[in-house]
Amino acid sequence: MTFKTASKSSEPTEKDIELEAERLFGKGLGDLGYSEDDLRRCAGLTWKINALKQEKRAVIPAHVYQRAEILHGVADFIGDSYKLARLCQESRAERIIFCGVRFMAETAKILNPEKEVILPAPQAGCSLSESIAGQDVLKLRAEHPGAPVATYINTSAEVKAESDVIVTSANAPKILSKLFETHEKVIFLPDEMMGKNLAKALGKKIGTDLILWKGSCIVHENFDASSIEYYRKIYPGVRILAHSECSPGLVSLADLVGGTGDMMRYVEKTKAPYYMLITECGLGDLARTEFPDKVFVPMCRLCPHMRATDLKSVLRALENPQSSSIIKVSKEIAERAKNPIEKMFEMSEDSVSR
Ligand code: 13P
Ligand code: SF4
């Protein structure tokens, strides 16, 4: 179902903008470097988005890498890939305006075929998702008969449809170790770095026990392990947290390896003077607003796909979405892709917290 007519939001008064800018300031955006002008510019847009969201019965999930004005200004819930997939499924809204990247919005559509799912920045892809097609999975299956295919959620609906179980950074070690209880060989795709990290953690041999694909994240593959020792010297007691898409060399020097949700939980529970979050910069900004008393040493990179969404594109998605923003997954693919996602929910057996 698509919107029948374009609807324009009403305009906020000067007073509305002032109050909304104060609300955004109270969320910690001032501490992130937003000037008064920035806050007023954002406030005009967040006011309109929040008004229109109610009128359109829409919900706005946002990945933790999104810009701070989206996370604190308009998002109804924020989280890692796993949490967003679960919460979208639980939402009673009629439409989902997904602030993230295409594979996340597609996952929401697969789980909610009756809802309209809109990706405000239709060009927001992911280098991992683009590294592999459904045909490649079929070829791997033919080369390794009987080996189950565990697929990272950062993939297209077509690739998910050819998989046995989906995993995210939050549950990949648990799900893979369960698969190894009943299989000698497992195919994991498409992130090669994450695959190498999993092989090491589970004591498995690459190429014989664990079959990998050569996909990589353009953000995490570039972090340099050589500076870690230097940072440990100048920030005594610093906790180094690395996303599991980082290289094994870097991961071997970290205090924690995991997904964005694991990193936030670690910061929440740990009493340490400094933290370094080796991942996309949005997570550090979120951590600075959520834990204002902790110090975050900058070590991050921007993901051009995650940055493609801004408040203007979110407003456009609500007012009059372009057709490329409306997520379409064929019934046949969606039905087949849903099974491995539900298998993940079953095998991860946990509740969604952060
Ligand atoms: P998380 O599921 O850990 O949030 O990761 C998503 C992602 O795209 C990492 O680059
Ligand atoms: Fe994809 Fe990497 Fe961007 Fe995450 S950070 S969306 S894995 S390109």
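This text follows the structure it describes.
Since we're looking at a predicted model, the values are computed, not measured. (Residues numbered from 1 in each chain as written. Chains lettered and ligands numbered in written order. Predicted model: local features only at pLDDT ≥ 70, side-chain atom pairs only at ≥ 80, totals over all residues. Heavy atoms only, no water.)

**Here we look at the packing of aromatic side chains**
Under the definition given, this model contains 5 aromatic pairs. Here Tyr-82 and Phe-345 contribute two aromatic rings whose centre-to-centre distance is 5.8 Å and whose plane-to-plane angle is 75 degrees, an arrangement assigned as edge-to-face. Separated by 263 residues along the polypeptide, Tyr-82 in helix α4 (residues 81–90) and Phe-345 in helix α16 (residues 331–348) bring together distant segments of the chain. Across the pair, Phe-345 and Tyr-82 agree in class, each one buried. Summarising the aromatic geometry, the rings of Tyr-230 and Tyr-231 are spaced 5.4 Å apart at their centres and angled 70 degrees between planes, so their arrangement reads as edge-to-face. By the ring-pair criterion, three or more aromatic residues cluster together here, those being Tyr-230, Tyr-231, Tyr-235 and Tyr-274. Looking at Lys-204, its charged tip hangs above the ring of Phe-180, at a distance of 4.5 Å from the centre. Taking NZ or CZ as reference, Lys-294 lies 5.8 Å from the ring centre of Phe-291, over its face. (Phe/Tyr/Trp six-rings, centres within 6.5 Å; stacked < 30°, edge-to-face > 60°. Helix = DSSP H or I, 4+ residues; strand = E, 2+ residues; numbered from the N terminus. Buried < 20%, exposed > 50% of the residue type's maximum accessible area, 1.4 Å probe, protein only. Lys NZ or Arg CZ within 6 Å of the ring centre and 35° of its normal.)

**Here we look at the sheet that holds strand β8 (residues 186–189)**
In a beta sheet, neighbouring strands pair by backbone hydrogen bonds and run either parallel or antiparallel. An order of β7-β6-β8-β9 is seen for the 4 strands of this open sheet, with the pairing classed as parallel. The sheet is open, and its two edges are formed by β7 (165–167) and β9 (210–211), each paired on a single side. Pairing analysis gives 3 bridges linking strand β6 (residues 149–152) to β8, with the strands arranged parallel. Bridge assignment links Ala-150 to a residue of β8, and that residue is Phe-188. Across the face of the sheet, helix α6 (residues 134–143) comes into contact with β6, β8 and β9 while running at roughly 160 degrees to β8. (Pairing = 2+ DSSP bridges. Contact = heavy atoms within 4.5 Å. Axes fitted to C-alpha atoms, helices over the stretch in contact; angles between N-to-C directions.)

**Observations concerning the pattern of salt bridges**
Opposite charge on two side chains allows them to pair when their charged atoms are near. One pass over the full model with this rule turns up 18 salt bridges. One salt bridge connects Glu-20 with Arg-23, and the closest N-O pair in it is separated by 2.8 Å. Taken as a pair, Glu-20 and Arg-23 lie in helix α1 (residues 14–26) at a separation of 3 residues, close to a single helical turn. Across the salt bridge formed by Glu-332 and Arg-336, the nearest N and O atoms sit 2.9 Å from each other. Here the residue Glu-332 and the residue Arg-336 both occupy positions in helix α16, the gap between them amounting to 4 residues, near one helical turn. Through salt bridges with shared partners, a single ionic network connects Glu-162, Glu-332 and Arg-336. (Salt bridge = Lys/Arg side-chain N within 4 Å of Asp/Glu carboxyl O.)

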